[in-house]
Every structure is written in structure tokens, then in C-alpha cells.
Amino acid sequence: MLKGRGGSTLVACIFYNERLYYVSVGDSYLYLLRNGKLYRLNRMHNVLNDEYLSSALRGDASTFDGREVSEKDALTKFLGMEYLEDYDCTKRPMPIYSGDTYLLCSDGVGDVLDEECIYSCMSRADANAVCNSLEENILAADKQYQDNYTALVIKCEN
């Protein structure tokens, strides 16, 4: 046990019988590019997202803008916690279609590149081109404290 000194985030997928099953915890990302539209499939486990969720459950989400939240990016759930009870996963498997592109990535990708850039990268012809484009854009962003970046791209074809 890490005793509160750290942990890891996770996004994992199983592709089985033309269906997608996933689980995630922390601040890793899962994207789907389908029919020219980009979808974020999982949710973040950080202070800001938890505050948004609490606000929505109280019925005052329309007035919550998140500016007053300190340590917005601090993780609230991660592997290594003593009692990990909350994680994100598919409730029912999602259908997989020919032409779908999936991106599983760390926060070193998702926190650096905006969704417009991720969409552009994921639109490349093959998985290697997607990864190369992601890396080029991350390096071009030249973020001062760049976190490590990891990405797995899956292109579904007949």
C-alpha cells in the first residue's frame, strides 16, 4: 500500500464480440472518433470534476463556474488508494463500428492538447500517423512542466 504517497491512474479497454468495455480511474482519457465526431467516453476523478458533480446533484450546476475551486487538478481517486470505491466504467458494452478510432491516453496528452487538436490528430489515416501527430503537437506546445505522455490508438476496420 502506498499510504497516501502516490498512485497511478488507469484507462483500460476490452474489445470483445464487437463491443467495448472500459474502466478508468484518475485523470487518464478515453476518446472515440466516430463518423467525424469526437467523444470523451470517461470522466475525470479530480477536485474540479467532483465539485461540478456535487453542484449538479444539488441542483445549482448552472451557477457553478469552477473558478473558486483550489487545486482543481488534484486527483480524488487513483490506483493505490486504500478504499477505491468510485471508478468509471461501462454500464453496458458499447457497440464497435468499422471506422471507429479510439485513443487511450495519459494526462500528458489530454491535459496538453485541446479537443480540436486531438480531433485533428485522430483523423490521420493510420494509428502510427495519429501517434506521431500527437507527439509533434505535444512537443510544439513546449509546456514548461510537461508530464510524461502515453497514448494507445486503435483503429477499427473490417
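Just above sits the structure.
These remarks concern the structure in this document. (Residues numbered from 1 in each chain as written. Predicted model: local features only at pLDDT ≥ 70, side-chain atom pairs only at ≥ 80, totals over all residues. Heavy atoms only, no water.)

Here we take up the pairing of strand β2 (residues 19-25). Bridge count between strand β1 (residues 10-16) and β2: seven bridges; the pairing is antiparallel. Its bridge partner lying in β2, Ile-14 is registered against Tyr-21. Hairpin connection from β1 to β2: two residues lie between these consecutive antiparallel strands, with Asn-17 at a positive phi of about 50 degrees. Here two bridges tie β2 to strand β6 (residues 94-95), and the two strands are oriented antiparallel to one another. For Leu-20, the partnering residue across the bridge sits in β6 and is Met-94. Across two bridges, β2 lies against strand β5 (residues 88-89) in antiparallel orientation. Along β5, the bridge assignment pairs Val-23 with Cys-89. (Pairing = 2+ DSSP bridges. Helix = DSSP H or I, 4+ residues; strand = E, 2+ residues; numbered from the N terminus.)

So, on to helix α3 (residues 115-122). Taken together, the buried positions of α3 are occupied by Cys-117, Ile-118, Cys-121 and Met-122. Viewed end-on, α3 has its buried residues packed into an arc of 130 degrees, placing them on one side of the element. Where α3 is buried, its residues contact β3 (29-34), β4 (37-40), β7 (101-105), α2 (107-110), α4 (127-141) and β8 (151-155). (Buried < 20%, exposed > 50% of the residue type's maximum accessible area, 1.4 Å probe, protein only. Arc of directions from axis to C-beta. Contact = heavy atoms within 4.5 Å.)

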